[in-house]
Each structure stands twice: as structure tokens, then as C-alpha cells.
Amino acid sequence: EGLKSEQAAAYNAKAAASLHMMMGKGHTKQLSSYLEDQTNMGHCWQMIKAHSFEVFFAFVLVVSLVTMSVETQYDGSRIGIQLNFKYQDTAYRDEWRHASETFDVIHKTCTVLFCIEILIRMHRERCDYPRSAWNWIDFVSSAAAVLFWTGVAESPANPRML
């Protein structure tokens, strides 16, 4: 990693010197600004490819999946009580008093984090972003979550199951 960044810096310095000679002194500031942006993009790329970036969003995904599982159990218990299922305990209502609000907050937080991940990846990968099937899956599922969250789209099914 360090060798690559040193090589990139050396390449940028050579490119700057060459272009400075060809373009003259008036464009030096624009050129240095461009090269600085390219160097910052390298840092962004390193962040995206970093193990910690992937682990963080894997953790967010696991939190989202566990929340959906617990919410499904909660909904099943609620429906069991409504249908007067004889083995269904009604005590969950007191124990899980704010469950719906808690599930909603967790789902919205995960959706926002997934959207931030998509924006970071789009910014870095640019034209390469649509070439990955995983990026499409992330984009479609996050877009669906945002549409259902905002009320633009409605479905009789649970949209979180996407």
C-alpha cells in the first residue's frame, strides 16, 4: 500500500512538472488542485477497500437481519393473539411495549447507513459502479427501502424483506 502511494505521488510530481513546462505558470494552481483531488481519491479508494469498511457494513447488515427476525417473531405473536391462538402468551405486549418504534428506528438507521455506503462507492467507482451485480443488489434494495419508508410506494408485503 505504501509503495503504491509513493509511486502515485512520484507519478503526480512528474506529470505536474511536464504539464507545467507545456502549459506555463498560469495553470499551475489548477493543476496542483487537480492532482490533490486525485490523491484524495486514492485515500477514499483505500478507505473503501479497507477491511474495516467492509466489516462495518457487514455488521450493519447483520444488525438489520437480526432486527427483521425479531420483528417477524413479534408480528407472529401479535397475529397469534388476534386470532386467539390458545398457546399464545399475551405478556409480550408489556415486555415489548415500544417494539414497533424500536424496529422502525433501527431499520431507518440501517437504511441511511446503506445509502451512505452506496454514495461513497458511487463517488469512488464512478463508471465502474454499475458493472458489479452486488452494487445493483445494494442499490435496488436500498432504493426500495427508501421508497417504502417515505411512503412513495406501498406494498401489502413487508418491504424490509427485500
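Conventions we followed
- Residues numbered from 1 in each chain as written.
- Predicted model: local features only at pLDDT ≥ 70, side-chain atom pairs only at ≥ 80, totals over all residues.
- Heavy atoms only, no water.
- Axes fitted to C-alpha atoms, helices over the stretch in contact; angles between N-to-C directions.
- Helix = DSSP H or I, 4+ residues; strand = E, 2+ residues; numbered from the N terminus.
- Parallel < 35°, antiparallel > 145°, perpendicular 65-115°, else oblique.
- Left-handed = near helix turned anticlockwise from the far one by under 90°.
- Contact = heavy atoms within 4.5 Å.
- Nonpolar A, V, L, I, M, F, W, Y, C, P; charged D, E, K, R; others polar.
- Salt bridge = Lys/Arg side-chain N within 4 Å of Asp/Glu carboxyl O.
- Buried < 20%, exposed > 50% of the residue type's maximum accessible area, 1.4 Å probe, protein only.
- pLDDT = per-residue confidence, 0-100.
- Phe/Tyr/Trp six-rings, centres within 6.5 Å; stacked < 30°, edge-to-face > 60°.
- Patch = residues over 30% accessible without salt bridge, like charges linked within 9 Å, V, L, I, M, F, W, Y side chains within 5 Å.
- Areas by Shrake-Rupley, 256 points an atom, 1.4 Å probe, with all protein chains shown as cover.

Peer 1: Whenever I open this one, the packing of helix 5 (residues 99–125) against helix 6 (residues 133–150) confuses me. Can you help?
Peer 2: In helix packing, the relevant descriptors are the interaxial angle and the interaxial distance, both defined with respect to the helix axes. The interhelical angle for the contact between helix 5 and helix 6, taken along N-to-C directions, is 140°, at an axis separation of 10 Å. The orientation of helix 5 relative to helix 6 falls into the category oblique. In terms of crossing hand, the pair formed by helix 5 and helix 6 is left-handed. For the pair formed by helix 5 and helix 6, the contact residues are Lys108, Thr111, Val112, Phe114, Cys115, Ile118, Arg121, Met122 and Glu125 on the first element and Asn135, Asp138, Phe139, Ser142, Ala145, Val146 and Trp149 on the second. In terms of residue class, the contact of helix 5 with helix 6 is built from 9 nonpolar, 3 polar and 4 charged.

Peer 1: Hey, could you run me through the packing of helix 3 (residues 51–82) against helix 5 in this one?
Peer 2: Two numbers describe how helix 3 lies on helix 5: the axes approach to 10 Å, and their chain directions differ by 150°. Here helix 3 is positioned roughly antiparallel relative to helix 5, judged by the angle of their axes. Between helix 3 and helix 5 the crossing geometry is left-handed.

Peer 1: Quick question: what am I supposed to make of the pattern of salt bridges here?
Peer 2: Pairs can form between side chains of opposite charge whenever their charged atoms are close. This model, assessed by the stated rule, comprises 5 salt bridges. Here Glu54 makes a salt bridge to Arg121, at a shortest N to O gap of 2.8 Å. In this pair, Glu54 is assigned in helix 3 and Arg121 in helix 5, connecting sequence segments 67 residues apart. The shortest N-O distance in the salt bridge between Arg121 and Glu125 comes to 3.8 Å. Note that Arg121 and Glu125 are positioned in helix 5 at a spacing of 4 residues, about one turn of the helix. Of the two residues examined, Arg121 and Glu125, each falls in the buried class. Each of Glu54, Glu117, Arg121 and Glu125 takes part in a single network of salt bridges with overlapping partners.

Peer 1: Would you mind going over the confidence of the model for the protein with me for this structure?
Peer 2: For any part of a model where pLDDT is low, the fine detail of the predicted coordinates should not be relied upon. Of all residues in the protein, 59% attain a pLDDT of 70 or more, and the chain-wide mean is 75. In the model of the protein, helix 2 (residues 28–49) stands out as the element of lowest mean pLDDT, 56, in contrast to helix 5, which has the highest, 90.

Peer 1: Any chance you could explain the side chain of Ser64 here in plain terms?
Peer 2: Mapped onto the elements of the fold, Ser64 is located in helix 3. The exposure class assigned to Ser64 is buried, which follows from its relative accessible area of 10%. Here Ser64 is in contact with His107, Cys110 and Phe114, once residues within four sequence places are set aside.

Peer 1: Please clarify how the packing of aromatic side chains should be interpreted in this entry.
Peer 2: Two numbers describe a pair of aromatic rings. These are the distance of the centres and the angle of the planes. Taken as a whole and judged by the stated rule, the model has 3 aromatic pairs. Ring plane angle 80° and centroid distance 4.9 Å describe the contact between Phe56 and Phe57, whose orientation is recorded as edge-to-face. Through a chain of ring-to-ring contacts, the aromatic side chains of Phe53, Phe56 and Phe57 assemble into a single cluster.

Peer 1: In this structure, what is going on with a nonpolar patch on the surface? I would like to understand it.
Peer 2: Where nonpolar side chains cluster on the molecular surface, the patch consists of Leu119, Met122, Trp136, Phe139 and Val140 and spans about 480 Å² of accessible area. Of all the elements in the fold, those that place two or more residues in the nonpolar patch are helix 5 and helix 6. The element contributing the most residues to the nonpolar patch is helix 6, with 3 residues. Mapped onto the secondary structure, Trp136 falls in helix 6. On the basis of relative accessibility, which here comes to 47%, the residue Trp136 falls in the partly exposed class.

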